[in-house]
Amino acid sequence: MPFVVVTRAPMTGRMSVRSPKPVGGKGGQVEIVHTFRGPIQPEDVGSTLIHEHIFVRNPELETSLPDAEWNPDEAVEFAVRGLTELHALGIRTVVDLTVPGLGRDVSLVAEVAARVPINLIASTGWYTPNVLPTFFQFHGPGRVIDRVDPLIELFIRDLTEGIGVTRIRAGMLKVMADVDGITPDVARVMTAAAMAYSATGVPITTHSHPASRNGLMQQTFLCQRGVPPDRIIIGHSGDSEDLDYLRELMDNGSMIGMDRFGMEHVLPDDRRIRTLVALLEQGYANRIVISHDAAFYSHVTPPSWRAHAAPKWRMDTISRSILPALRNAGVPDDAIDQMLVDNPRRLLAVAA
Ligand SMILES: [Zn+2]
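**Details of the nonpolar core**
One broad rule of soluble globular proteins: the nonpolar side chains tend to lie buried together. In this structure, Phe55, Leu83, Leu120, Ile288, Ile290 and Leu326 are the most contacted members of the largest nonpolar core, which totals 86 residues. The dominant element in this core, judged by the number of residues it contributes, is helix H6 (residues 184-200), at nine residues. Not counting the four nearest positions on each side in its chain, Ile290 is found in contact with Thr48, Leu49, Ile50, Met258, Phe261, Leu276, Ile318, Leu323, Met339 and Leu340. One finds Ile50, Met172, Ile233 and Met255 within the second-largest nonpolar core, a separate group that totals 13 residues.

**Things to note about the coordination of the zinc ion**
Every protein donor of the zinc ion is accounted for by His51 (NE2), His53 (NE2) and Asp293 (OD), and the metal-donor separations fall at 2.1 to 2.2 Å. Sequence spacing of the donor residues for the zinc ion, all on one chain, is H-x1-H-x239-D. Here Asp293 lies in the loop between strand S15 (288-290) and strand S16 (295-298) and His51 lies in strand S5 (residues 48-56), a separation of 242 residues in the sequence. For the residue pair His51 and Asp293, the accessibility class agrees, reading buried in each case.

**A closer look at a nonpolar patch on the surface**
On the surface, a nonpolar cluster with roughly 280 Å² of combined accessible area is contributed by Phe138, Val144 and Ile145. Tracing the backbone through its elements, the reader meets Phe138 in helix H4 (residues 134-138). When its relative accessible area of 41% is taken as the criterion, Phe138 is described as partly exposed.

**Here we look at the pairing of strand S14 (residues 255-258)**
Burial along S14 is two-sided: Met255 and Gly257 facing one way and Ile256 and Met258 facing the other are all buried. Here two bridges tie strand S13 (residues 232-235) to S14, and the two strands are oriented parallel to one another. Bridged to Ile234 within S14 is Ile256. Judged from the three bridges that link them, S14 and S15 form a sheet pairing that is parallel. By the bridge assignment, Met258 is partnered in S15 with Ile290. Following the backbone out of S14, through helix H9 (residues 269-281) and into the adjacent parallel S15, one traces a crossover that is right-handed.

Rules of the game
Residues numbered from 1 in each chain as written. Predicted model: local features only at pLDDT ≥ 70, side-chain atom pairs only at ≥ 80, totals over all residues. Heavy atoms only, no water. Core = buried A, V, L, I, M, F, W, Y, C linked by side-chain atoms within 4.5 Å. Buried < 20%, exposed > 50% of the residue type's maximum accessible area, 1.4 Å probe, protein only. Helix = DSSP H or I, 4+ residues; strand = E, 2+ residues; numbered from the N terminus. Contact = heavy atoms within 4.5 Å. Donors = N, O, S within 2.8 Å, 3.2 Å for Na, K, Ca; no water. Patch = residues over 30% accessible without salt bridge, like charges linked within 9 Å, V, L, I, M, F, W, Y side chains within 5 Å. Areas by Shrake-Rupley, 256 points an atom, 1.4 Å probe, with all protein chains shown as cover. Salt bridge = Lys/Arg side-chain N within 4 Å of Asp/Glu carboxyl O. Pairing = 2+ DSSP bridges. Right-handed = clockwise from strand over helix to strand, strands pointing away.

Here it is in structure tokens:
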């Protein structure tokens, strides 16, 4: 897949162009991107929000302690409207990083995908900051039901056959480590994800905890298990203002996700922008992706709370206010295209 890396020279604003080293070892093969509506050509990925959520749910609680704000029909309509507006703003692809543990329901999201002009991409993994559900304590190598790790079966099935009873194939792996670090169960998820990467070439996004700089631990852990650093996105790196930490992740070869624009209850956007501009001035556009980590509905942070506590935490904040701010700060369009189009296309493309 031919492309060029455009690097902004520090201070002068002069553009330099260089050829990157090949990415992912996929040279010469036909590449595709798996979406909710089937495979598409990498060229058709376009401007991409690479870390978002359509619906974050908790099906057990929904049936036991219903949330008055959760109405699936209304939620689908709301998401269809929102994604249609995003398309009008130029966004062409949204990656839904809602994996099991966050109430993934691809059948419901497929209803949205069928009605919007935007490509939606599903993901697989397991969301836990520390401990896996009881099922996984009983099933696996050396456990009561001694068998292959069902996490590996799940991830590879999602990536190669389709999720559940659907034929929708995941296009991204997602793992997490938060303030507790890489606990034994988190290590188990990450090990299974590394194996699923090796079988499929699908990239891995992490949820990291930048305050403890644990993106470096995630990077080391995954690389030691055979994942090339350039197939890893260290997510939530935008919560950090530690330039040395962020540069180290990228100098080691990984992508960083400046992926929480609008999440001003964690860090205001002007500070997120300042950090991003500093890294772009140092020529890191080819290592950065941008997104919001927003949702059309979240059981954890429901719409009524978001409306007053985090009003800019929406999937149109980058289009409406962050890109204009970046341009005002002197960031050239090439760098913006690199973060929004070229890097996601390179990451999401896998051998057909
Ligand atoms: Zn997320």
